[in-house]
Amino acid sequence: MSGCSIRAIWILTLQDSVAFSRRFPVVEKKWRVACERDAEFAASPPTLPTDFELAAAFSDRKRREGSANGYGIRTASSIPGSDSWLDDPITRYIITLHITREEESKEFIIWPMILHTRGNFHILILPLVEPKHIRAFEKLYRRNNCGGENEDLSSLLLELPCITGAFMVAHTIGDILTGETQEPEVTSAAASASSAVSGLLDTLTGSIGMAVAPRPKPVSEVTSAATSAGGLAVDKDLLRAFINSSMPYGTPLDLNQSNISLIRNTGFGSTESPPPAIRQPAWKPFLYKGKQRILFLTHETLNASLYDREEIPDYFSISGQVNCRAELEGLPDIQLPLTGFKPAKAEIVSYHHCAQYLDQVLVFQPPLGSFLLVRYRVEEFSSLVPVKGFYQLSMVSENEGAFLFRLKIMEGYNKGPYFMDFCTVLMPFGTRRVVSYDGTPSVGTVVMSEKSIEWKIVASGRGICGKIIDATFSGTVRFHPINLGQRVGPVSLSRIGRDEEDSDEEREFGNNGSVNLEDALMQKINKGLEPIDLGEPLCWQAYNYAKVSFKITGGTISGMTIDPKSVSIYPAVKAPVEYSMQVTAGDYILWNTLGRCPSAAVPKH
């Protein structure tokens, strides 16, 4: 059994009632044939449960595991044959259901059941696997130890590519239920207010000349009228139409909701068919008609750890992606050279299945709409970054600290097209509540909250271009006193099972002896750690830091560029090529120079 086939789909409300279900007889026939070839399953092959049986089994598992997703770790209340007994976090999303049929005196398990919670619904997907895989799982399911053997759950799942396909089906159905899409639609905006950045492409924020508009919702939207059960109603006609078109007979073919909706609305006209000699790819089910153009966006995320210490070098890394929208008639091929950095310095992580990559050149036949063309990663590049400097924090008393920032903004990027939209620095104080602060920065404004102080160096809407900013900010911050009973230390076993702050999805059931997931995880992680002393009073057993956020348009840090004149289209057509670039901060951390900081030894080249 290669590929991915789905035996059944269920959608449950938060009250554990089945709102929608769909079974695929063709796939179920494949399951029965596979069981007939297996000596152990041939006599009595497990069949699909009814909606009532499935809802009862799901409710029973939720009571047994403490929540819909469960713990994912073995606890004192775990028993052999439960998901938590496997002591693997993946069991929070790939679950097992026990089906009991009293009239037949029969009990069996349903596995692997994919669980995805979206909005007010639990989405359950059952992919087709071989009986031998279920037998191997049952062996793991009831063993006395956890781990330490050659066979484990991860190794078993690696043999099942259908798991990935089932997760994709679950997430797509979740998008339909909530009316959301994961990727924004890119459309041209009217003339931008800023002439310096007008006419550019920004698939993420729409702030540099391109507007981000969510894809049109399906003609039949998910209704929001409350049902008598207290949940939300499901548009069954919409789901059936999508399932029939995207995965006929239980085999997923095209899970792109926009493609499916457009095909259903427009159909296939004879004028839209390509010439017989040209094979139409699956990712482009119909041809585009209209004004032709190509839009590219290079978006880089810069991660950094700045230590300001001689013994620890600063660390930088870039993760980038090229987004594309090609509105071209017919089925043309596009050739795109990626220039600006050396191949040894950059690594192509992945690219769209419509593309081929060779010698820094991408050749692809674009699908309809916006899509992510290529992802790349750069870890060796010039240490010239948009924000450099240091951060110092020293506690002068138990409830008062003195801090100092000294930063240089846009050094080396003050020429050319680089434009900084905004830049902020956040000082988080996770375990302390801020009373007040003293100090005035050399530039920008300061906003204080209960657990943090935010320094807005460059406010949004007041970007800078063509200049360097030397920013300093010194002052003191005062905190509420720490109550002796609230000092942060290792998680106490007495707390396990008592927290009542979880969401509805993660609420524990303390009356039956189960535990809280987050507390249990922290108890395992922090076992044996000592409480901190006065030197580190802000984050228990952690490190004090400040986080920088910014956005720069008009260029990249790695030097990766696209020359619109070098883009080739075959067969040749006149289509303008628009290109834009932007850089945003990821985990851009300024570690406290006067405190502890995490670091790793870097091998010398």
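In case you missed it, the structure is sitting above this.
Small disclaimer: the values here were computed from a predicted structure and weren't measured. (Residues numbered from 1 in each chain as written. Predicted model: local features only at pLDDT ≥ 70, side-chain atom pairs only at ≥ 80, totals over all residues. Heavy atoms only, no water.)

A. Structural detail: the packing of aromatic side chains. Applying the stated criterion to the full structure yields 13 aromatic pairs. Taking the centre distance of 5.0 Å and the plane angle of 75° together, the rings of F403 and F473 count as edge-to-face. Residue F403 is found in strand β16 (residues 400-409), and its partner F473 is found in strand β21 (residues 469-479); the two are separated by 70 residues along the sequence. Of the two residues, F403 and F473, both sit in the buried class. Ring centres 5.7 Å apart and planes at 55° place the aromatic pair F405 and W455 in the tilted group. Within this pair, whereas F405 is found in strand β16, its partner W455 is found in strand β20 (residues 452-458), the two being separated by 50 residues in sequence. As far as the burial class goes, F405 and W455 line up, both buried. In textbook terms, an aromatic cluster arises when at least three aromatic residues are bridged by ring pairs, as seen for Y391, F403, F405, W455 and F473. (Phe/Tyr/Trp six-rings, centres within 6.5 Å; stacked < 30°, edge-to-face > 60°. Helix = DSSP H or I, 4+ residues; strand = E, 2+ residues; numbered from the N terminus. Buried < 20%, exposed > 50% of the residue type's maximum accessible area, 1.4 Å probe, protein only.)

B. Inspection of helix α7 (residues 236-246) at higher detail. Listed in full, the buried residues belonging to α7 are L238, L239, A241, F242, I243 and S246. Where α7 begins, one side-chain oxygen reaches toward the backbone nitrogen of D237, 3.3 Å away; that side chain belongs to D235. (Polar contact = N/O pair within 3.5 Å; in protein donor to acceptor, adjacent residues only side chain to side chain.)

C. Main features of the sheet that holds strand β3 (residues 94-101). Pairing within the open sheet is antiparallel, and its five strands lie in the order β2-β1-β5-β4-β3. The open sheet is flanked by β2 (18-23) and β3, the only strands paired with a single partner. Taken over all neighbouring pairs, the strand axes of this sheet differ in orientation by 30° on average, direction set aside. Two strands pair when backbone bridges link them, and strand β1 (residues 6-13) and β2 are joined in this way by five bridges, in the antiparallel orientation. Bridging across to β2, I11 finds its partner in F20. In this fold helix α4 (residues 131-141) packs onto β3 and β4 (106-118), with an angle of close to 90° to the strand it touches most, β4. (Pairing = 2+ DSSP bridges. Axes fitted to C-alpha atoms, helices over the stretch in contact; angles between N-to-C directions. Contact = heavy atoms within 4.5 Å.)

D. How the structure looks around the sheet that holds β21. Pairing in this open sheet of four strands is antiparallel, and the strands run β15-β16-β21-β18 from one edge to the other. The open sheet is flanked by β15 (387-397) and β18 (434-438), the only strands paired with a single partner. Sheet twist, expressed as the average angle between the axes of neighbouring strands with direction ignored, equals 20°. The pairing of β18 with β21 spans four bridges and is antiparallel. Bridging across to β21, Y437 finds its partner in V477.

E. Highlighting the pattern of salt bridges. In the structure shown here, the tally under the stated rule is 20 salt bridges. Note that R61 is salt-bridged to D83, the shortest N-O span being 2.8 Å. Placement of R61 in helix α3 (residues 51-65) and of D83 in the loop between α3 and β3 is noted, with a sequence separation of 22 residues between them. With respect to class, R61 is no different from D83; both count as buried. Between D175 and R118 there is a salt bridge, and its shortest N-O distance comes to 2.8 Å. Note that D175 is positioned in helix α6 (residues 162-178) and R118 in strand β4, a separation of 57 residues in sequence. (Salt bridge = Lys/Arg side-chain N within 4 Å of Asp/Glu carboxyl O.)

F. Inspection of the nonpolar core at higher detail. Of all hydrophobic cores here, the largest spans 70 residues; its most connected members are I294, F296, F364, L373, F405, F550 and Y588. Element by element, the count of residues in this core is highest for strand β24 (residues 577-591), at seven residues. One finds F121, L177, M247 and I260 within the second-largest nonpolar core, a separate group that totals 45 residues. (Core = buried A, V, L, I, M, F, W, Y, C linked by side-chain atoms within 4.5 Å.)

G. Expanded view of the pairing of β3. By the criterion of burial, β3 is predominantly enclosed, with seven of the eight residues buried. Hairpin connection of β3 to β4: four residues between the antiparallel strands, including S105 at a positive phi of 50°.

H. Structural detail: the environment of G174. Here G174 is to be found in helix α6. Given a relative accessible area of 0%, G174 falls into the buried group. Residues G174 and T117, spaced 57 residues apart in sequence, show a C-alpha to C-alpha distance of 7.8 Å. Apart from the residues within four sequence positions on either side, G174 is in contact with R118 and I123.

I. Molecular detail of α6. In this model, α6 (17 residues) spans 25 Å end to end at C-alpha, consistent with the 24 Å of a helix rising 1.5 Å per residue. Burial within α6 is extensive, with 12 of its 17 residues counted as buried. Taken residue by residue, α6 has C162, I163, G165, A166, V169, A170, T172, I173, G174, D175, I176 and L177 as its buried positions. Note on α6: the residue one or two positions beyond its end, G179, has a positive phi of about 75°. (Expected span 1.5 Å × (residues − 1).)

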